[in-house]
Amino acid sequence: MSITFATSNRHKFNEVSAILEDYGIPVEMAPMELREIQADTLEVIAGEKAREACLRVDGAAMVEDTGLFIDGLNGFPGPYSAYVFRTLGNSGILRLLEAAPDRGATFRSVFAYCRPGGAPECFPSAVAGTIALECRGEGWGYDPIFIAEGASGRTYGELGDDKNQLSHRRMALEDLARWIHGSGR
Ligand code: ITT
């Protein structure tokens, strides 16, 4: 039986379904804009998105919330990454970092799975890395500026399909897949 993944982001859906396919779990996209509450943690935001998605699809639903936490900016944009990407974009982030020598950063992801009437089950993961000096490669969102540890200096945008091998989503999805195959939904 497939999982309903509520997201407005086709790129995210493609990456998630490719990883879960390795675990024999089919995923269906339920395209929708979910309200993002303002909160300091991705867990709280993802949990609320999952509750809303559950009501809207009238069944169990999975959501994901991602944040890019930049050390030299005290963790900004973090939980506000979607808003900051829409307003400042990658060029704005690069400009902010001209004044901040620490280019360390962490991409964090939280998946939340919720059944009707139940509490959301959260699966977090993260990948450390650095912010590139300029945009490189293709990809989407912050892909052209994020260099993950273990990526030999290449941005997510330069990794192509290899991004999925080491991305901030992989470990969370592996945990989610184990949970689905184990205790079950
Ligand atoms: P949802 O409908 O699933 O919420 P979204 O695009 O709003 O889709 P998020 O709030 O989780 O997703 O993402 C926050 C921001 O981070 C947003 O601008 C994304 O484009 C960006 N982002 C998320 N995952 C990314 C990835 O793997 N690579 C690059 N940028 C990413």
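Note that the structure is predicted; figures quoted are calculated from it, not measured.

1. Some thoughts on the layout of surface pockets
Here is step 1 of the chain: Looking at the largest pocket, its volume works out to about 840 Å³.
Here is step 2 of the chain: Lining of the largest pocket is provided by 35 residues; of these, N9, E36, S81, A82 and R86 occupy positions nearest its centre.
Here is step 3 of the chain: At the level of elements, β1 (3-7), α1 (10-21), α2 (42-57), β3 (61-70) and α3 (81-87) are the ones that each hand at least two residues to the lining of the largest pocket.
Here is step 4 of the chain: Its boundaries defined by the atoms lining it, the second largest pocket holds a volume of some 250 Å³.
Here is step 5 of the chain: In terms of lining, the second largest pocket is formed by 14 residues, of which the most central are E15, W140, G160, D161 and K163.
Here is step 6 of the chain: When grouped by side-chain class, the residues that make up the lining of the second largest pocket number three nonpolar, six polar and five charged.

2. As for helix α7 (residues 170-181)
Note that an α-helix has 3.6 residues per turn; residues three or four places apart therefore point the same way.
Here is step 1 of the chain: Given a rise of 1.5 Å per residue, twelve residues ought to cover 16 Å, and the 16 Å separating the end C-alpha atoms of α7 matches this to within 8%.
Here is step 2 of the chain: For α7, every residue scored as buried is listed here: R170, A172, L173, E174, L176, A177, W179 and I180.

3. Digging into the pairing of β3
Here is step 1 of the chain: Summarising burial for β3: ten of the ten residues are buried, a large majority.
Here is step 2 of the chain: Residues A61, V63, D65, G67 and F69 line one face of β3 and the alternating positions M62, E64, T66, L68 and I70 line the opposite face, and both faces are buried.
Here is step 3 of the chain: Here β3 runs beside strand β5 (residues 104-114); their pairing, made up of ten bridges, is antiparallel. Opposite D65, over in β5, you have V110 as the bridge partner.
Here is step 4 of the chain: Examined bridge by bridge, β3 and strand β4 (residues 77-78) share two bridges and lie antiparallel to one another. Counterpart to F69 in the pairing with β4 is P77.
Here is step 5 of the chain: Taking the residues that link successive antiparallel strands as the turn, the β3-β4 hairpin has six residues, and the phi of N74 there is positive, at about 55 degrees.

Reading the values: the criteria
- Residues numbered from 1 in each chain as written.
- Predicted model: local features only at pLDDT ≥ 70, side-chain atom pairs only at ≥ 80, totals over all residues.
- Heavy atoms only, no water.
- 1 Å grid on protein atoms, 1.4 Å probe; cavity = no way out; pocket = protein on both sides within 12 Å on 5 of 7 lines; lining within 4 Å.
- Points joined across faces, edges and corners; volume = space filled by probe spheres on them.
- Helix = DSSP H or I, 4+ residues; strand = E, 2+ residues; numbered from the N terminus.
- Nonpolar A, V, L, I, M, F, W, Y, C, P; charged D, E, K, R; others polar.
- Expected span 1.5 Å × (residues − 1).
- Buried < 20%, exposed > 50% of the residue type's maximum accessible area, 1.4 Å probe, protein only.
- Pairing = 2+ DSSP bridges.

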